[in-house]
Amino acid sequence: MARRALITGITGQDGSYLAEHLLEQGYEVWGLARGQANPRVSRMRRLLADVQVVRGDLLDQGSLISAVERVQPDEVYNLGAISFVPMSWEQAELTAEVTGMGVLRMLEAIRVCSGVSRGGTGAAGQIRFYQASSSEMFGQVSETPQNERTAFHPRSPYGVAKAYGHFLTQNYRESYGMFAVSGILFNHESPRRGAEFVTRKVSLGAARIKLGLATELRLGNLEARRDWGFAGDYVKAMHLMLQAGNPEDYVIGTGRMKSVRELVEAAFNAVGLDWERYVVTDQTLHRPAEVDLLCAEPKKARTQLGWEPRVAFDELVAMMVESDLRLLTDGGDPHEDSSWP
Ligand code: NAP
Ligand code: G4F
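Residues numbered from 1 in each chain as written. Chains lettered and ligands numbered in written order. Predicted model: local features only at pLDDT ≥ 70, side-chain atom pairs only at ≥ 80, totals over all residues. Heavy atoms only, no water.

1. Observations regarding the site of ligand 2
At step 1: Inspection of the region around ligand 2 gives 23 residues, with Ser134, Ser135, Tyr158, Arg287 and Glu290 positioned closest.
At step 2: Residue Ser135 places a side-chain N or O atom 2.6 Å away from an oxygen atom belonging to ligand 2.
At step 3: Within the contact set of ligand 2, an oxygen atom lies 2.8 Å away from a side-chain nitrogen or oxygen of Tyr158.
At step 4: For ligand 2, the protein covers 95% of the area, taking 720 Å² as the surface of the free molecule. (Near = heavy atom within 4 Å. Polar contact = N/O pair within 3.5 Å; in protein donor to acceptor, adjacent residues only side chain to side chain. Areas by Shrake-Rupley, 256 points an atom, 1.4 Å probe, with all protein chains shown as cover.)

This is the structure we're talking about:
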């Protein structure tokens, strides 16, 4: 019998790469999709024809219980979230509900469907749970690089909601003996990244300028530093965490930092342009509280899971710029356009 996986956030960047990886591993893959006429669901069906869809929403407890009852998964990957940090200041309550309370609802759905009670083991081990935790929880970092023991100091409502989900996942593991783990993933990108995130904004911006479709690119803080890796590498770590002998949390990143300025330089170099002629900094794109730097220490994942990132920063940027040049030359995809500045 094929193992069965249920993925929330199937229409997002990571959902698509994880689904492809699990299908390659012989899994039966189900994606939780929300909304009445969500255009991202039909786009996902075109990309991932073998994924089966079950309806549900992280805001709706009953729908999650029904989804788990229907799919009877061996593994649940909770990737669904409001994931764009600036949006979390504008819609803090919604972010808390989806990104934070959504984790509680998913864990409860698994607990109820497995018939798990306090102190119980037995059926608790039947469904393995992965929570998409984030390096945003480290926020104003207390040490560099950051590892599994580094203290959290989140700087956005998003980071706070993720910290809640993280601790709750740990708590369900300790309270109910559930195989529930968190991957603390650092920024990971790809040609499928939403256009509102800085890497994709920059790759699309450089491609548009190269093709004469735009004359400038407006950005916020160029000094922020991130540990950027390739999403296709990171979803493999999610899967490995659920195959481990014991449920434990892992930091996943490359261990190397670059600034937004270096990102811009790399993207414009890839199209043969001088970035300083086109990039305009805009104070309105600065955040109320910034995370100045993030850098992973992924040693535990390397030694215990055998996980290594494969795609280096320059390769990643070149891959994204080439993909956007092709996309725009072919007439573009309106769904790729962001409504955020
Ligand atoms: P993404 O592209 O923004 O995808 C987010 C997904 O969440 C979408 O499929 C979206 O579905 C879904 N979603 C939003 N609200 C929902 C709701 N109420 N009920 C059910 N699903 C809902 O994010 P990503 O980059 O793939 O990231 C995946 C997860 O990893 C997220 O939890 C993110 O916070 C976390 N994470 C990401 C990174 C990174 O660098 N990418 C790093 C650390 C952690 P719709 O299409 O219906 O909106
Ligand atoms: O690409 P970003 O929006 O990603 P951010 O805020 O680091 O969050 C991403 O990674 C987290 C993991 O650390 C995830 F949990 C989260 O879901 C998301 O995937 O911004 C990166 C940096 C920030 O410091 C921001 O201030 O880029 C800076 N930046 C400068 N100009 C900009 C811009 N960011 C965006 N989105 N747009 C700009 O114009």
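2. A word on the sheet that holds strand S5 (residues 128–134)
At step 1: The strand order across the open sheet formed by seven strands is S3-S2-S1-S4-S5-S6-S11, and the pairing between neighbours is parallel. A single partner strand is all that each edge strand has here, and the edge strands are strand S3 (52–55) and strand S11 (250–252). In this sheet, adjacent strand axes meet at a mean angle of 25° when their direction is disregarded.
At step 2: For strand S1 (residues 4–8) and strand S2 (residues 28–33), the ladder comprises five bridges, and the chain directions are parallel. Bridge pairing in S2 places Leu6 opposite Trp30.
At step 3: On top of the sheet, helix H5 (residues 92–114) reaches S1, strand S4 (75–78), S5 and strand S6 (180–185); it is set at about 175° to S5, its chief contact. (Pairing = 2+ DSSP bridges. Helix = DSSP H or I, 4+ residues; strand = E, 2+ residues; numbered from the N terminus. Axes fitted to C-alpha atoms, helices over the stretch in contact; angles between N-to-C directions. Contact = heavy atoms within 4.5 Å.)

3. Observations concerning unusual backbone geometry
At step 1: Omega for the bond connecting Thr144 with Pro145 falls within 30 degrees of zero, at 0°, which places this linkage in the cis form.
At step 2: The topology assignment puts Pro145 in the loop between S5 and helix H6 (157–176).

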